[in-house]
Every structure is written in C-alpha cells, then in structure tokens.
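Coordinate analysis (summary)
Here's the letter readout for the chains.
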Amino acid sequence: MADQVAAMCDQLIKAVNVMMDAETSQIYRLEALKFCEEFKETNSFCVPCGLQLADKAQPAVVRHFGLQILEHVIKFRWNNMQQQEKVQLKECAMQLLSNGTHSILEEESHIKDALSRITVEMIKREWPQHWPDMLKEMEALTSQGEAQTEVVMLILLRLAEDVITFQTLPTQRRRDIQQTLTQNMESIFSFMMAILQLNVEDYRKLVSGARAHCRVAVATLNTLAGYIDWVSLVHITSGNCHLLEILCLLLSEPELQLEAAECLLIAISRKGKLEDRKPFMLLFDDVAIHYILSAAVSLIVLCIYMCRAVEVVERRYIFLKRLCQVLCALGGQLCSLVGSEVEVEVPANLSKYTEALLAFTTHSSQFLKSSTLATWGALFRHETLSKDAVVVEMAVKYLRASMTNLVKTGFPSRDDNPSCEYSRVDFDSDEDFNSFFNSFRAQQGEVLRSACRIVPLEAFQIAAEWLQYQIASPIDMGDTTSKTAEGLCSLLSPSVVQWDAMTIFMECMVTQIFKSLEEEKLPIDQSMELLQAVLNYDTKDPLILSCVLTNVSALFPFVIHRPHFLTQVLYKLFKAITFEIGQDNKAPRTRAVKNVRRHACSSIIKICRDYPQFILPCFDMFYNHVKKLFSSDATLTHMEKCSLMEALVLISNQFKDFAKQKAFLDELMASVVTEWTSDEMRHVLWDPAVFLSFVGADQVVTEQSADSDTTGLNRGRLSFCLYAMLGVVKRARWPADLEEAKAGGFVAGYTPAGAPIYRNPCTAQFLTLLPNLLALIRTHNSLFMPENMARLSETFSRAHEVMDAEKNVVLGLSQHLLDIYDSPVYRTNLERMQGFFTTLYDNCFHVLGNAGLSLQQEFYTIERLAQEIAGSAFVSLDHVPDHRLRPMIHILILDAFEIFVTHPIRSSLIFSCISM
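Note that the coordinates shown come from a computational prediction; the quantities given were computed from them, not determined experimentally.

Right, let's get into the pairing of strand β1 (residues 747–750). Bridge count for β1 against strand β2 (residues 756–758) is 3 bridges, and the pairing is antiparallel. Counterpart to Y750 in the pairing with β2 is P756.

On to helix α17 (residues 350–361). Here α17 contains 12 residues, and its C-alpha end-to-end distance of 16 Å stays within 8% of the 16 Å for a straight helix at 1.5 Å per residue. When α17 is considered as a whole, its buried residues turn out to be L350, Y353, T354, A356, L357, L358, F360 and T361.

Taking the numbering used here, the UniProt-annotated feature "domain: Importin N-terminal" (unreviewed entry) corresponds to residues 32–99. Split by type, residues 32–99 is 79% helix and 0% strand. Its first and last C-alpha atoms lie 30 Å apart.

With the rule as written, the count across this model stands at 32 aromatic pairs. Ring plane angle 45° and centroid distance 6.3 Å describe the contact between F433 and F436, whose orientation is recorded as tilted. One end of the pair, F433, and the other, F436, are both in helix α22 (residues 430–454), 3 residues apart, so they sit about a helical turn from each other. Note on F433: relative accessible area 0%, which makes it buried. Taking the relative accessible area as the measure of exposure, F436 reaches 17% and is therefore buried. Residues F658 and F746 carry aromatic rings whose centres are separated by 5.7 Å and whose planes lie at 85° to one another, so their mutual orientation is edge-to-face. Residue F658 is found in helix α32 (residues 658–668), and its partner F746 is found in the loop between α37 (738–743) and β1; the two are separated by 88 residues along the sequence. Look at F658 and you get buried, because its relative accessible area is 10%.

The subject of this paragraph is a positive patch on the surface. Taken together, the side chains of R591, R598, R827 and R832 present a region of like positive charge at the surface. Of note, R827 is situated in the loop between α41 (817–822) and α42 (829–855). Residue class for R827 comes out partly exposed when judged on its relative accessible area of 38%.

As a further point, take the pattern of salt bridges. Enumeration according to the criterion identifies 35 salt bridges in this entry. The salt bridge partner of D426 is K321, with a shortest N-O separation of 2.6 Å. Note that D426 is positioned in helix α21 (residues 419–426) and K321 in helix α16 (residues 310–337), a separation of 105 residues in sequence. You can call D426 partly exposed: its relative accessible area is 22%. The exposure class of K321 is buried, given its relative accessible area of 14%. The salt bridge partner of R424 is D415, with a shortest N-O separation of 2.7 Å. Here R424 falls in the partly exposed class, since its relative accessible area comes to 34%. Counted as one network, the salt bridges with shared partners bring together E71, K75, D113, R117 and R158.

Now for the confidence of the model for the protein chain. Per-residue confidence for the protein chain averages 90 on the pLDDT scale, and 92% of its residues sit at or above 70. For the protein chain, per-element mean pLDDT is lowest for helix α46 (residues 907–915), which scores 48, and highest for helix α19 (residues 373–381), which scores 98. Taken together, the stretch residues 306–312 has pLDDT below 50 and engages in 5 contacts with residues farther than four places along the chain or on a different chain. A low-confidence stretch, residues 899–912 stays under pLDDT 50, and its non-local contacts, those more than four residues away or across chains, total 18 contacts.

Further remarks concern the state of the cysteines. Simply put, disulfide is the name for a covalent bond between the sulfur atoms of two cysteines. Using the criterion set out here, one finds 0 disulfides in the structure. C49 provides the cysteine sulfur closest to C46, a residue in no disulfide bond, and the two sulfurs are 7.3 Å apart.

Now for the packing of helix α34 (residues 679–686) against helix α35 (residues 688–695). Look at α34 against α35: their axes get within 5 Å of each other, and the N-to-C directions meet at 110°. The orientation of α34 with respect to α35, classified from their angle, is roughly perpendicular. Every residue of α35 that contacts α34 at E680, H683, V684 and W686 is listed here: P688, V690, F691 and F694. For the contact of α34 with α35, a count of residues per class yields 6 nonpolar, 1 polar and 1 charged.

This part covers unusual backbone geometry. One can expect most non-glycine residues to show negative phi and most peptide bonds to be in trans. Here W127 and P128 are connected by a cis peptide whose omega angle stands at 5°. Looking at where P128 falls in the secondary structure, it is placed in the loop between α6 (109–126) and α7 (134–141). Even without a glycine there, the phi angle at Q856 is positive, about 50°. With respect to the helices and strands, Q856 occurs in the loop between α42 and α43 (857–860). A positive phi is found at R864, a non-glycine position, where the angle reads about 60°.

Each full turn of the α-helix corresponds to 3.6 residues, which orients residues three or four apart in the same direction. Taking 1.5 Å per residue as the helical rise, helix α23 (residues 456–472) with its 17 residues ought to reach 24 Å, and the 24 Å between its terminal C-alpha atoms agrees with that figure. Packing partners of the buried residues in α23 comprise α20 (389–405), α22, α24 (494–516), α25 (524–536) and α26 (542–559).

This part takes up the packing of α25 against helix α27 (residues 566–577). In the contact formed by α25 and α27, the axes pass within 10 Å of each other and the chain directions differ by 30°. Remark: the crossing between α25 and α27 carries left-handed chirality. The segment α25 lies against α27, with L531, Q532, V534 and L535 engaging Q568, V569 and K572. Of the residues that constitute the contact of α25 with α27, the class distribution is 4 nonpolar, 2 polar and 1 charged.

The rules we used
Residues numbered from 1 in each chain as written. Predicted model: local features only at pLDDT ≥ 70, side-chain atom pairs only at ≥ 80, totals over all residues. Heavy atoms only, no water. Pairing = 2+ DSSP bridges. Helix = DSSP H or I, 4+ residues; strand = E, 2+ residues; numbered from the N terminus. Expected span 1.5 Å × (residues − 1). Buried < 20%, exposed > 50% of the residue type's maximum accessible area, 1.4 Å probe, protein only. UniProt positions renumbered as here; feature names shortened; annotations may be inferred. Phe/Tyr/Trp six-rings, centres within 6.5 Å; stacked < 30°, edge-to-face > 60°. Patch = residues over 30% accessible without salt bridge, like charges linked within 9 Å, V, L, I, M, F, W, Y side chains within 5 Å. Areas by Shrake-Rupley, 256 points an atom, 1.4 Å probe, with all protein chains shown as cover. Salt bridge = Lys/Arg side-chain N within 4 Å of Asp/Glu carboxyl O. Lys, Arg positive; Asp, Glu negative; His and termini not counted. Charge placed at Lys NZ, Arg CZ, Asp CG, Glu CD. pLDDT = per-residue confidence, 0-100. Contact = heavy atoms within 4.5 Å. Disulfide = S-S within 2.5 Å. Axes fitted to C-alpha atoms, helices over the stretch in contact; angles between N-to-C directions. Parallel < 35°, antiparallel > 145°, perpendicular 65-115°, else oblique. Nonpolar A, V, L, I, M, F, W, Y, C, P; charged D, E, K, R; others polar. Left-handed = near helix turned anticlockwise from the far one by under 90°.

In structure tokens, the structure reads:
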C-alpha cells in the first residue's frame, strides 16, 4: 500500500506541476486537471496521499493541493467514513497544525488558510458533540509557537464567518454551534484578549522577533473583529471596557493601528439597548480620548507627505478614514445616550472630541470631510447637546470651516489644491469626483442650516463678510478660462468656485435666520447694505452673474421690510433676462448665458409666487416693462416670454376680482388665442400630413437651408402657444380665503354638501383652446402610424427616437464638466426636431394635467370630456413607443388622480376614459 501511495503521489505531483507551469499547453493542463479532480472524487488513497503531499518538506504548491484533497474528503466523504477513520484524520490534521508548518514569517499565507479550512470543516461536523475539548486543544496549540497561534486565530475567525456571517451550515448544526460558541464566549474572549496582550507586549519589547509577534497580534485583531460584530455587548464592555481600552492604546502602534481601529469601529457602531451601550461613554475619558486624538493628529501630519511613500501613506490614509469613522460612531452613541432615559451626562471632554472631529472636517481629503457631516448634523439637531456651550462655540467654527469645504476643489486631474492628491486615491475620474461633490455639498447644506439655527446672527455675519469680500475682490480666472469669449471665467476658475460656495452659504443662512429670530431681531439694515452692494455689482461674466442673481433672490425676504428696494431688484432681474456677452445677438448663446437668462426668469417667478401681495403695487410698472420687452428687439426666447407672462398671472391672482383678472388674462392671451384658434392652425393641428409639413419634418434640409428658418418659426409658434397656455392654466387661481373669493365673484355656487364651487378666470380661454389642444394630442399620437412615419424625410427619420442626451443620462454618461457650460448650444436640425416633438408632447399633457388641478369642477363638468380625452390622448396607443407614453402616465393620469383623491366624485371620468 505504501508503494501504491508513493506512486500515486508522484503522479499527482507531476500533474500539479503541469497545471502550474506557465509553458504548459492548454490540452495538457486540462488533462492534468481532470486527473486531479477524478482522483479526489474516486480514489481510496485520498487521505494518505493528501497527508503525504501536505508534508512541509514539499513545495508550497504541492502542499496546498494536498490540503485541498483533505478538505474535499472532509466535505464530501465524512459521513461515509468509519468513526476510527474520522478520529485518525482529525489527529493527523492536528499534527499538521502542530508540526506541519514552517515558522510564521516563512510559511505561506495560503497554506495557513488551507490548514484553517480543514480544521473548521471538521469542527462544523464534530463540535461540540464528538469533539468537546476542541477549544482546549486550540488553546494548547497556541503554546507551541507563533505560527500555530496565527492558524488558531484563523480557525476561530473562519468558524465565526461560516456559522454567523455566511451561515453555510444546515440550520440545526448552525444553531448547535452558535449556542455552544455563545456559552463559551467569555472564555473565548478571555483567550483572545490574553493572546493579544501577550504578543503586543512581546512586540514592544523584542527587536529581532518583533515581526512574528506583530503578525500574531494582527491575526488576533482580525479574529476579534469577526466576533465583536455579533457577540453580546457584555463581552465587549466587560472589565470596565478593558477591550476598548486596549484597542485605543494600539492606535499609537503603526503596525497594528489599522486593525485596532477597525475593531474599535465595529464595537462602537453596535446597536442595542441604551443601558448596554452606556459603558461606551468611558471612551470620552481622558486616556481614551487622548490616544484617539494623538493618533489623529500624528496621521494628519504624516499624510501630508503622500507623494513620497505612496504605499505606506495609503495604508495610513485608510487608517485615518477608520479613525474618522470611529469618532463619528462615538458621536452617534453620544447623541443616542445623552438626554435619554439612561441619564448620561454631557462628557467633560466634549470640547476635545469636537476639536478632533473638526480636525477631520478641515482635512484636505474631501472624503474625510464628508464622513463627518452626519455627526455634525446629529450634534446640531440634538435637543440637549445643541444647547451646550461647547457645541454652540463649535457651530461657529464649523460655519467658518464650511467657507472652505463648500468650494469645489480637488479634481483628480488637477494639482491646484492639496485635496487633489487624496482625490486621486478616492476617485477614478473627474466625473466620479463631481458626482460625489454634488452629493457632498447637498449634505453640507443640511448641516449648515442646522448650525445656522443655533447661531443665526453669527452665521449672518460670516455670510456678510464673505459676500463683501467677493464683491471687493478682482475676478481671478485662473488657468481654465472660457473657450468661447476672452476674459471670461470657466466653471473651475477660482472666482467662480468661491462665488458659488458663498452663494450656497448665503442661501442656507437666510432660510434659517427668518425661522430662528423674531422680526425685531432680524439684521434688516445690514442685509439691505448687502443687497445694495449686490445690486450695484456689475459683471459681464455669466457664471458670476448667475451667483449674483442667486444672492439677490436669497436676500429678497429682507426687502419686505424695506419696500423701496423692490424696483431696484426688479430692474436688476429684468436686465439679466436680456443678458448677452457680445453685440452679436444672432450668435448661438453658451449654456452659461442661457442659464443666466433662465435664472433671472425663475427668480422673478419665485418672487411673484412667494410675495405676490408685496409685488402688486408694482404691477402696472411690471406689465408695461414686459410689454416693452415683447415689442423690442430683446430676442427673448419663447420660454422667457412665457415665464414673464407666468409671473404676471401670479401677481394678477392678488386682484381678488374675477372680472378684472379675467379681463387682464384675456388681454394677455389675446394673441395666443387668436393664433391657436385660427383656421390655419386648425388645419395644421387636425391633419398629421399638414402638421408634418408645417413643422418641416417631411423636408430634406441641410444645416444651412433657408427653408429650415421658416419651419423653425412655425415650430416656435406652436411651442409659444403651448408654453403660454401652460403658464396661465398652471398659475391662475381664485383667492384661498372663501370670503375674499365670494366678494371677488369667484364662487359660482355650492355643492349639495355645502362646499363652494369656484370658477377660474382662465376657464373661458381654456375652453376656447381645448378643442385644438386635444386635436394636437390626437395628431401627435397618429404620427407613429406607419403611413405617417413614411412621410418623415431622410433628415428627420429618427425624429421620434430617444434623444442622445437622454440616452446618456440613462447610461450614466456625463459630459465633461467644462464643456457643459462653456460651449455654444449648437444643435443639429435633427436634435432640434427631436426636442420639439418631445417638449410639445410633454406640454400637451402638462396643460391637461394642470387644468384638472386649477379648474377643478369647471374642468370635470365639460360636456363629453371623457369621450374627447379618450378620442385624443388614448388614440393610436398601439403605435406610440413606450418612451413617449411616460408623459401621459406620469403627468396626465397622476395629476388627475391627485384631484380624484380630494374630489372622489369625479373619479368616474377617469374610469370612463380608461374603459373607452
């Protein structure tokens, strides 16, 4: 038998060498693999051959294969083996653990891992019923050397992972082993703690053998991490938190600090009963907080030299992340325990803790900064801690730190900031960083608002100083200037990122100061000085002007207390609506310029929406200025015109006089109603072939074609009508107060239940426009029918497909950051046509959806409404592609259902439409 085993071992060794030889052909390698696998499955010499191959005299690759054979036997043949064979194999495995390894520093990691797997597989089948002394035998092994101790730690770790984490056992066996582990956990923890302390002490004392003891200590810490996550908190906090104390001490050991921090993080992150978590507050004592702070300070200094030793510092940087997470987890426990029923006092070392947290918040790494946000937010929102003098003082320091943190710097591709080095470790590309920073900044806004609630006046002072500084500072374009106009900034120019950050700070501050202070305590005079400075600030840079407009909007709530500033504000916004960089109005505008104009329109709408009563005295001036803009050569886009009309409608709601408001809306919409109801437009909207010809979709055009100008104007006429229609239907309302509505003539009657039936001043217009609107929807649906698809010219054959920009959004493909705002918005004829069809279809359903919300009873009592909608919106749906059905489902039906929830009696209409 010995000769047979030896011969088989020789064949197996040759097969293993063939498989591992890089020069071996694929055919021979597969044959060798097949031979080895068949041997493991069928041969009766598996155990003796496995033991012989696993001998430490063999090469590592052969030993590993021998151990794989033994593992396979235990996994798949154990239940068929005789008890004596099991005992013999177990004894042989223990011999391998005892004598079958080289010294800890010489032995290969995969050999130690394979040995631990074999032992764990036997434990899973034998312990505790047939191997009651397993833990004692493991403990005895640790006395035979560092290598054996490390393998024992690997065994305990893998056992916990298989039983608790991955649960790779049958349910009953898993319960038996978990129950036995739990029963013996006190002794297991004591055993691991003793091993850790012994090896740490020897590591600190010895010089020549220090690495071996360090290796054991690391393995022990990794094993502890596998248990700390699920064992009872009693074992973690026993002995006056002795384990946590040791872990804090190890934070000062460079070779052990990362593993110690990970253990500490898992422990402090534990949930459970507040009473059981109360001992965690001992980490705020002098000794523990000292070691945490010392480790943080020393690592922050060392990480500055990242370029000099990338591998070493990268490990230290990872440790710094873990340490930051430890502090944040500790803050989470603090916020949970202080002010709870367990009666925990505010720790005396709270100032040291918050200073440590602030050190991470001011670190160059954007990732570390972001990691602290949740903790700051919890502290600033905490009912008890937010009133503590330490946290109040820290809120001011945090606001100061935010002046740096809000600035978008640290792109991996650049070298203009220390954070760039860390970004190259944390992010794969500028796009990844940009996505992260947008989310990071949104989180900062939440925390900023919380801090502003604690110290509103200090926050105002910081914002004021920052704004004044930006106004006084010359524009710094940096090395990334605009590609389209000389002397303009790009998104990454120093001045732009500073203005952008300051603007966000200002918005967050203003929203909170009105909530936190009584009216008499508001800094009205100082805010008006700021507003005056902003209104006087003049710039031709679109990116900075956009920030200026945001500051005007942010400071506008203060204008309520100083009405004489209103005309200056409106003048500033009106001027921005017609903003151009150069004199050539026909040149395509950059996205930055378009955004300035849209920003100004949005600001006016927001002001008119939020403060319509305040704007009402200026209505005539406002209306006259709008009419002047419409009649001038200001080259307003259709959307800009409709935005101004929308603002006027919002102000007109304050007339609170049905006849007056209706007369105004009739005047405002006169040209639209005339255009939309004309015979020409009716002919266009009711016939798909005429419609396609009208918008130019059946024409072959080039980018320079003169015909495209005519059809482009036609598309503009349609778009303007729908935008105007939507603006009026969306914004026209009756007074919220019933008495005012009755006095103004907005109440048409009452329901049998006594609820008022309101009438909307735009109803008559809407009813006039509705037939052609429904015709357009019906015509648009029919455009997807084969005969109409065939009418599309070669130029516009893809006009109904998903736009490339939308595809990129779905695929997560982003345009380069600088290109988004810095290039003129050139679009091909096809892209214009695709955008036109998409927007037109969406707006049709927006109008219908908003009509239900705005007109309510008047809309749902329109004669034959269900049949009309069914005969338009639900026509030819078999041909409409899925991506075009989204507006109907998302806008029309959802808006309708919103009304039906509040007015269930009207639900019969939707069911009538669906049934048809």
